[in-house]
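# Working through the structure, step by step
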Amino acid sequence: RNVSLVLSSMRDTDLEPPAEPRGAEEDVLGRLQTVNEGLRQMATLVHRWMKQNQGVGSLHAEARTLGDAVNHAVRLLQPAAAQRRIRIVVCLSHKLALLPAGPVYPVIANALRNSIDAIAAAARPEGLIELIGVLEQGHVQIDIRDDGPGVAAGVLDEAGRIRMGVTTKPDGHGLGLPLCGEIAAALSGSITLASRSPRGAVFTLRYPAQCSI
């Protein structure tokens, strides 16, 4: 995601290679594009490995709390959000924040990244993302709400499920959300994605609390 962000920033600042070679700038952009393609292929291989072999449980070894995972994801993505004048507001219940994070960190980080990209694509002067986490009736529920353009056509199938390989981003791979769905399923939970009124989208991760222990 960070490589994609650098590529987009270079294009935004008119560093796209011209018809004639432009030396160092063209070389840097070319190398980044090669790295981005390599990461896309790596993501595909990891996804296949997870489906055919170990599952999501073997991809996380460190014991962290949900509060730690959320704070780390926000710190990682704060520069990209600030660049686009997007505020990220976090509200976690105390009990929820102390639960083990398990494998949900990439789910949280991917959802935040998607919200930032969606608001940026709408070319609004500023934006807001709210991450709200609660523990209710024995279930963890994390909502990530934004005020972007909402869910793009084609991302969801007729049953409301997220399509594999579908992306609206120039540098996207269409693997992030399906991978999030597999992580949620491994926790006996689910993810949902829906548009909000009057604008924006909400991403919800929900799973039994005991599955994080």
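Heads up: these notes are all about the structure in this document. (Residues numbered from 1 in each chain as written. Predicted model: local features only at pLDDT ≥ 70, side-chain atom pairs only at ≥ 80, totals over all residues. Heavy atoms only, no water.)

Taken as a whole and judged by the stated rule, the model has five salt bridges. With a shortest N-O distance of 3.9 Å, Arg85 and Glu126 are connected by a salt bridge. Note that Arg85 is positioned in the loop between α3 (66-83) and β1 (86-92) and Glu126 in the loop between α5 (105-121) and β2 (127-136), a separation of 41 residues in sequence. The exposure class assigned to Arg85 is exposed, which follows from its relative accessible area of 55%. Of the charged contacts, one joins Arg113 and Asp117 as a salt bridge, the two residues approaching to 2.7 Å between their closest N and O atoms. Of this pair, Arg113 and Asp117 both sit in helix α5, separated by four residues, roughly a single helical turn. By relative accessible area, Arg113 is classed as buried at 3%. (Salt bridge = Lys/Arg side-chain N within 4 Å of Asp/Glu carboxyl O. Helix = DSSP H or I, 4+ residues; strand = E, 2+ residues; numbered from the N terminus. Buried < 20%, exposed > 50% of the residue type's maximum accessible area, 1.4 Å probe, protein only.)

It is worth spelling out α3 at this point. For α3, built from 18 residues, the straight-helix expectation of 26 Å at 1.5 Å per residue is met to within 8% by its first-to-last C-alpha distance of 26 Å. Of all the bends in α3, the greatest reaches close to 45° and is centred on Leu77; the proline Pro79 follows between one and four positions later. Where α3 ends, the next residue or the one after it, Arg85, has phi of about 55°, a positive value. (Expected span 1.5 Å × (residues − 1). Bend = angle between axes of the 7 residues up to and from the residue.)

By themselves, these are just geometric observations and shouldn't be taken as functional.
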